[in-house]
Amino acid sequence: MHILTIGINHKTAPVEIRERFAFQEERMAEALQTLYQTKSILECIIVSTCNRMEIHAVVDQLHTGRHFIKGFLANWFGIEREQFEDYLYVHENDDAVRHLFRVVCGLDSMVLGETQILGQVRDAFLFAQEQGTTGTIFNMFFKQAITLAKRARTETRIGDNAVSVSYAAVELARKIFGSLKGKKVLLVGAGKMSELTATHLHADGVEQVTVVNRTYERARQLADKFSGEAYGIEHLTDVVQEADIIISSTGSKEYVIRRDQLEPVMKARRNRPLFVIDIAVPRDLDPSINELENVYLYDIDDLEGIVDANLQERAQEAQKIEFMIGEEIVAFQSWLKTLGVIPLITSLREKVLDVQGEAVRKIENKLPELTEQEKRIIRKYTKSMINQLLHDPIVAVKELANESDREEKLALFVRIFALEQLLLEKEEELQKQQEQIKESSPEHHQAATVIHPFEIPLRS
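Every residue gets a number counted from 1 within its own chain, in the order that chain's sequence is written. At least 70 in pLDDT is required for a residue's local features to be given in this predicted model, at least 80 for side-chain atom pairs to be given and counted, and no such filter applies to totals for whole chains, interfaces and linings, which use all residues. The side-chain numbers reported here are obtained from all heavy atoms of the structure, hydrogens and water having been left aside.

Chemist: Please clarify how the overall build of the protein should be interpreted in this entry.
Modeler: Across its full length, the protein holds 16 helices and 10 strands. Compactness check: the protein gives a C-alpha radius of gyration of 32 Å against a globular reference of 23 Å for 460 residues, more than 25% above the reference. Remark: exposure states derive from per-residue accessible area (1.4 Å probe, protein chains only) relative to the maximum for the residue type, with buried under 20%, exposed over 50%, and partly exposed in between. Counting all 460 residues of the protein, 48% fall into the buried class. Of the accessible surface of the protein, which amounts to about 23,600 Å², a share of 50% is contributed by carbon and sulfur atoms. Positive: Lys, Arg. Negative: Asp, Glu. His and the chain ends are not part of the count. Here the site of a charge means NZ on Lys, CZ on Arg, CG on Asp, or CD on Glu. Between the mean site of the 56 positive side-chain charges and the mean site of the 72 negative ones, the protein shows a separation of 4 Å. Elements are defined by DSSP. Helices are runs of H or I of four residues or more, strands are runs of E of two residues or more, and each kind is numbered from the N terminus. We take the radius of gyration over the C-alpha atoms and set the globule estimate at 2.2 Å times the residue count to the 0.38 power. Note on areas: Shrake-Rupley with a 1.4 Å probe; residue coverage comes only from the protein chains shown.

This is the structure we're talking about:
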C-alpha cells in the first residue's frame, strides 16, 4: 500500500486552468464513487476549493495509481492528459503525508496561515466517510491531520496577525477605537477594496455604513449590501462630519478631501477621533490632514508595510508548525508500521484461543459432573491465563515493527509460533473481501483496506 496525492493549485496553475478542474458539489458523490471503483484505488478523498483540487488516495502500486488517477481526471473533465499533466503536482508516501499536514495548517495556502482550508478538508473527509471511500488508513490519517491543525492554532500565533490590506485596516481601527461596535463608516468611492474593508469592519461590529460616489447608482448598490445610505459626491463634506471611519478609493486625479475642507469639520466634531484609510493610487486624501488633531490617516503603503511585518511574524510561527509536522509524520509512520503486524497478532490470538478452547472441552468431557457455573469459571480463568501469557509477546511484536530489521525479526516471530498457515489463510480471505467490496454496489459497501503482514507503507 502507498499514499498518493495528485493535485493542482494556485502555485502550479493559473485560474483559467484551475476552474476547469473544479468538481461540482452536486456531483461529488458520483465522482468519489467513480474514482473509488477505479483500478489500483483502495481508499480516496477529493478536496476541491477555489484555489486547489486534490485527490488523496491509498493505492496498491504507485505507478498504476498515478496512471489511473490521471485517467480519471481526463475522463471526468473531458480534457486530454497532455493539456494538464504539466500543471499537476504529485506527492508520494512521506511527501504526501507532509503535504496534507502543511495544507490543513495553512502553510500551503495563498495567504499563509489562513483557516478556511481546514474546514474544507474536514468536510471533504467526512463526506468521503459517508460515501464509504475511506478505510483504515485515511480514517486515521485525516483525523490526525485535523487534530494537528487545531493544535497548531492553539500552540502558535500563526493566525494572530493581519496579512491582508483590508484586515490590516480593521486592526488599526480597533487599536484606535478599542471597540468598533456602533462606529459609523463612510465609503468614498465604491471600489472592491473599499467594499472588502467595509465588510471586515461590519463583521467587527460596525453597523452604520454610508457610501458617497460620483455615480449615485453605484453608491446605492454598495450601500444596500450593508443596509446603509447613499449620496452623490457633492454631499461629501456634509456626511464626513458624522463619520468615525473613512475609507477612500476613487479614480480621482486630485485630492477628494483636502486639509482646508476637513479642518472646520473637525472643529464642528469637537475633535472626535477620525480614522481615515486612503487606499487609492493616486491618493485621494491630502497627506497634510494627518497633521490635524485626532485625525489618523493611513495610506496603502502604510497598510502594506503592516502586512509585510505581519507576514514575517507568521513565517516565524510557521517554522514552529513545521517542527510539529515532523513529529506527527514520525508518529504516523510508527502507527502504520504497527498496523502491518495486526494480522500477525490476530493470528497468534486465534491460535492460542483455539488451544484454550480445545483444552476446556476436554476438561468438560473428562468431568461431566461439572455444573454450568463451574464450567464458566474454568473458561474464565483459562482465558485470563492465556491473555496474561500473550501480553508480553504482543508488546514485543509491536516494538519489533519499528526496528530497522523488522522483517527478519517478524519472520522469526512467525516461525517460533508456527503462524505461517494462519497468516496465509487470513491474507487470502482479506483479498477476497476486497474483491467483493470492489464489485458490490457503491451504496452498500464500506471501504476496507487490505493490511498484509510485514507490509510497511511509506518506506524510504
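Chemist: So what exactly am I meant to see when it comes to empty space enclosed by the protein here?
Modeler: A 1.4 Å probe that fits but cannot get out identifies a cavity on a 1 Å grid over protein atoms alone, an open set with protein on both sides within 12 Å along at least five of seven lines counts as a pocket, and a residue lines either if it has an atom within 4 Å of a point. Grid points are joined across faces, edges and corners, and a volume is the space filled by probe spheres set on the points. This model, assessed by the stated rule, comprises one cavity of 30 Å³ or more. Of the pockets and cavities examined, the largest cavity occupies roughly 60 Å³. Forming the boundary of the largest cavity are Leu236, Thr237, Val240, Val256, Ile257, Gln261, Leu262 and Val265. For the lining of the largest cavity, the secondary structure elements donating two or more residues are α10 (236–240) and α11 (259–268). Here the nonpolar group is Ala, Val, Leu, Ile, Met, Phe, Trp, Tyr, Cys and Pro; Asp, Glu, Lys and Arg are the charged ones; every other residue, Gly included, is treated as polar. Across the lining of the largest cavity, the residue classes break down as six nonpolar, two polar and no charged.

Chemist: Is there a simple way to think about the environment of valine 111 in this case?
Modeler: Tracing the chain through its elements places valine 111 in the loop between α4 (94–104) and α5 (116–131). Overall, valine 111 belongs to the partly exposed group, its relative accessible area being 35%. Valine 111 sits 52 residues away from valine 163 along the chain, and the two C-alpha atoms are 7.2 Å apart. In contact with valine 111, not counting residues within four places along its chain, are Gly106, Val163 and Arg314. Any pair of residues with heavy atoms lying within 4.5 Å of one another is described as a contacting pair.

Chemist: I would appreciate a short explanation of the packing of helix α2 (residues 28–36) against helix α3 (residues 62–77) in the present structure.
Modeler: Relative placement of two packed helices is described by the angle separating their axes and the distance separating the axes. To get an axis, fit a line to the C-alpha atoms, keeping to the stretch in contact for a helix; angles then go from 0 to 180 degrees between the N-to-C directions. Interaxial distance between α2 and α3 falls to 10 Å at its minimum, and their mutual angle equals 140°. The way α2 lies across α3 gives a crossing that is right-handed. Residues Glu30, Ala31, Thr34 and Leu35 of α2 touch α3, and the partners they reach there are Ile69, Phe72 and Trp76. Of the residues contributing to the contact of α2 with α3, the split by class is five nonpolar, one polar and one charged. Crossing handedness: left-handed means the near helix sits turned counterclockwise from the far one by under a right angle, and right-handed means the same turn made clockwise.

Chemist: Just checking my understanding: could you explain the pairing of strand β7 (residues 229–232) for this structure?
Modeler: Here is the key point about a regular strand: its side chains alternate between the two faces of the sheet. A one-sided burial pattern is seen for β7, the buried positions being Ala230 and Gly232 and the unburied ones Glu229 and Tyr231. Look down the strands so they point away from you; if going from the first strand over the helix to the second traces a clockwise path, that crossover is right-handed. A crossover links strand β6 (residues 208–213) with its parallel partner β7, the connecting element being helix α9 (residues 216–225), and its sense is right-handed.

Keep in mind that these numbers describe shape and distance, not what the molecule does.
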